[in-house]
Amino acid sequence: MGPITTFLTLLVVLAAAASALLVSTHSLGGLLYLVFYEWTPGLAALITFSIFQNTRAALRWRWLRAKGTFGAYLLPLFYILPVYFAAWIAIPHAYDASSFIKSSATLLGFTLHPGLATYGLFVPLSLTFGLLNRFPYTLGEELGWRGFLAPILYEKHGFITSSLLTGVIWAVWHYPLLYGLGLFSGPEAGGRIGCFTVMVVGLAFVFGWLRLKTGSMWPCVLMHASHNAFLQTLFEPQTAKSTTTIPLTSEFGYGLAITIWLVALVLVFVERHKPVGTAK
C-alpha cells in the first residue's frame, strides 16, 4: 500500500474504534472518547509518516510569521459575519444575548456588571487564551487533513481536486461522531447533514489554500480553533433558536454553506490565475 491508502486504512480502523466507544456507551466518556476521535486523523498521519519516511516533508511544523498568523485567526469572520448579521437584521428577535450575558457573567463571578464582564472580559479571554483549550482537538485533525492528506494529494492532483477529495473525506469522517451525538435523528436530519457536508467540503478549499499559501499546517490549526471559537463562543450563543434561525445559522444551516463556498470560489479563481505555491 502507498502512503495515502495506508493513511485512509488507519483512519478507518482508528475512527471505527473511537466510534464504537461513542455509540456503544452513548456518552463522550468525559470527553476522552471525543478527544480520541478527534485525534484519529493525526494518529493515522503520524503512523504513516513513521512508515513512509519520504512523506515527512509534507508535515511542515514551521510556525508562520505574526502577520500571517493574525490573518489565519481572522479568516473565519469573512464567512461567519455575513450569516449572523443577516440573521440578526432580517429575522425579528433573532439577536438575543440575554442568556449569554447572564451565563458569562455568572461564570466569571461578576454578576453586578454582567455586560461589562461579558464583553470586556469573557469574550476577549475566550477568543484568545480560550483557543488553547481548542488546540488539542484542532491539532489532532489538522495533522491528518492539512499536515498529510491535502499536501500529498495536491502534489498528485492540484488544488481543486485535492481540496475536493480532502473535503469529502473530512465530511464523511464526521458522520460517526455526528451519529453518536444524535444529529442523524429527527425530521430535519437530512437537511442538517446535507448543509454540514456542503460546508465542510467548501471549508476544505479555504483550509487547503491557507496551507499551500503559508507552507505550514499551523495556520490551519489556528484557523480551525478560531472558527470553532467564533461560532460556538460568540455568535451561536447570541442567536435565538427558532424555526427561522435554526435552518440558517450554525454549521448545520445553509448560511455558512453558502458563504464558505463563496469564499472557496474566490480562492479557486485566485489559484487558477496565480498559483499559491507548492505543498513542500
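Everything numeric in this text was worked out from a predicted model, so none of it was measured.

**As for the overall build of the protein**
So, point 1. Tallying secondary structure elements over the protein gives eleven helices and zero strands in all.
So, point 2. Reading the secondary structure of the protein in the N-to-C direction produces α-α-α-α-α-α-α-α-α-α-α.
So, point 3. Taking 2.2 N^0.38 as the reference for a compact globule, 280 residues should give roughly 19 Å; the C-alpha atoms of the protein span a radius of gyration of 19 Å, in line with that estimate.
So, point 4. Each principal axis of the C-alpha atoms in the protein carries an extent, and together these give about 60 × 45 × 35 Å.
So, point 5. Each of the 280 residues in the protein was classed as buried or not, and the buried ones make up 51%.

**Overview of the confidence of the model for the protein**
So, point 1. Scored by pLDDT, the protein comes out at a mean of 90, with 92% of its residues at no less than 70.
So, point 2. Element-level mean pLDDT values for the protein span from 77 in helix H4 (residues 66–74) up to 97 in helix H5 (residues 77–90).

**With respect to the environment of Leu 74**
So, point 1. Residue position: Leu 74 is located in helix H4.
So, point 2. A relative accessible area of 27% means that Leu 74 is categorised as partly exposed.
So, point 3. Counting along the chain gives 147 residues from Leu 74 to Val 221, while the straight-line C-alpha distance between them is 13 Å.

**Some thoughts on the packing of helix H1 (residues 3–25) against helix H8 (residues 131–180)**
So, point 1. Put simply, H1 and H8 touch, their axes get as near as 10 Å, and they point 15° apart. When the axis of H1 is compared with that of H8, the two are roughly parallel. H1 and H8 meet at a crossing whose hand is right-handed.
So, point 2. By residue class, the composition of the contact of H1 with H8 is 18 nonpolar, three polar and one charged.

**Notes on the nonpolar core**
So, point 1. Counting 77 residues, the largest nonpolar core has Phe 7, Tyr 79, Ile 80, Trp 170, Met 223 and Leu 256 as the members making the most contacts within it.
So, point 2. Leaving out residues up to four positions away in the same chain, Trp 170 has contacts with Glu 141, Trp 145, Arg 146, Val 200, Leu 203, Ala 204, Phe 207 and His 224.

**As for the side chain of Thr 118**
So, point 1. Within the element layout of this structure, Thr 118 appears in helix H7 (residues 114–126).
So, point 2. Other than its neighbours up to four places away in sequence, Thr 118 contacts Phe 100, Ile 101, Ser 104, Ala 105, Val 123 and Pro 124.

**Here we look at helix H10 (residues 218–235)**
So, point 1. Taking 1.5 Å as the rise per residue, H10 with 18 residues should run 26 Å; its terminal C-alpha atoms sit 24 Å apart, in good agreement.
So, point 2. Most of H10 sits inside the fold, with 17 of its 18 residues counted as buried.

**Observations regarding the packing of H8 against helix H9 (residues 189–214)**
So, point 1. Interhelical geometry of H8 versus H9 gives an angle of 145° and a closest axis separation of 9 Å. Remark: the crossing between H8 and H9 carries right-handed chirality.
So, point 2. Considered class by class, the residues forming the contact of H8 with H9 number 20 nonpolar, six polar and three charged.

**Thoughts on the pattern of salt bridges**
So, point 1. As enumerated under the stated definition, the model contains two salt bridges in all.
So, point 2. Here Glu 142 ties to Arg 146 by a salt bridge, and the two come within 2.7 Å at their closest N and O atoms. Remark: Arg 146 and Glu 142 occur in helix H8; sequence separation between them is four residues, near one turn of the helix. Of the two residues examined, Glu 142 and Arg 146, each falls in the buried class.
So, point 3. Two residues, Glu 236 and Lys 241, come together in a salt bridge whose shortest N-O distance is 3.4 Å.

The rules behind these values
- Throughout, a residue's number is its position along its own chain's written sequence, starting from 1.
- Local features are withheld for residues below a pLDDT of 70 in this predicted model, meaning they are given only at 70 or higher, and side-chain atom pairs are given and counted only at 80 or more; totals for whole chains, interfaces and linings count all residues.
- Only hydrogens and water are set aside when side-chain values are computed; all heavy atoms of the structure are taken into account.
- Strands are runs of DSSP state E lasting at least 2 residues, helices are runs of H or I lasting at least 4, and numbering of each runs from the N terminus.
- Note on method: radius of gyration uses C-alpha positions; expected globular size equals 2.2 Å times residues raised to 0.38.
- Each residue is assigned to one of three classes by its accessible area relative to the maximum for its type, calculated with a 1.4 Å probe on protein chains only: buried under 20%, partly exposed between the two thresholds, exposed over 50%.
- By definition, pLDDT measures how confident the predictor is in each residue, and it falls between 0 and 100.
- Note on geometry: axes are C-alpha line fits, over the in-contact stretch for helices, and angles between N-to-C directions span 0 to 180 degrees.
- Orientation labels follow simple angle bins: below 35 degrees gives roughly parallel, above 145 gives roughly antiparallel, 65 to 115 gives roughly perpendicular, and whatever is left gives oblique.
- Handedness of a crossing follows from how the near helix is turned relative to the far one, being left-handed for an anticlockwise turn of less than a right angle and right-handed for a clockwise one.
- For this classification, Asp, Glu, Lys and Arg are treated as charged, while Ala, Val, Leu, Ile, Met, Phe, Trp, Tyr, Cys and Pro are nonpolar and the rest, including Gly, are polar.
- In this text, buried Ala, Val, Leu, Ile, Met, Phe, Trp, Tyr and Cys residues form a nonpolar core when linked through side-chain atoms within 4.5 Å.
- Pairs of residues are marked as contacts when any of their non-hydrogen atoms sit within 4.5 Å.
- An expected span of 1.5 Å times one less than the residue number is assigned to each helix.
- Salt bridge, as used here, is a side-chain nitrogen of Lys or Arg placed within 4 Å of a carboxyl oxygen of Asp or Glu.

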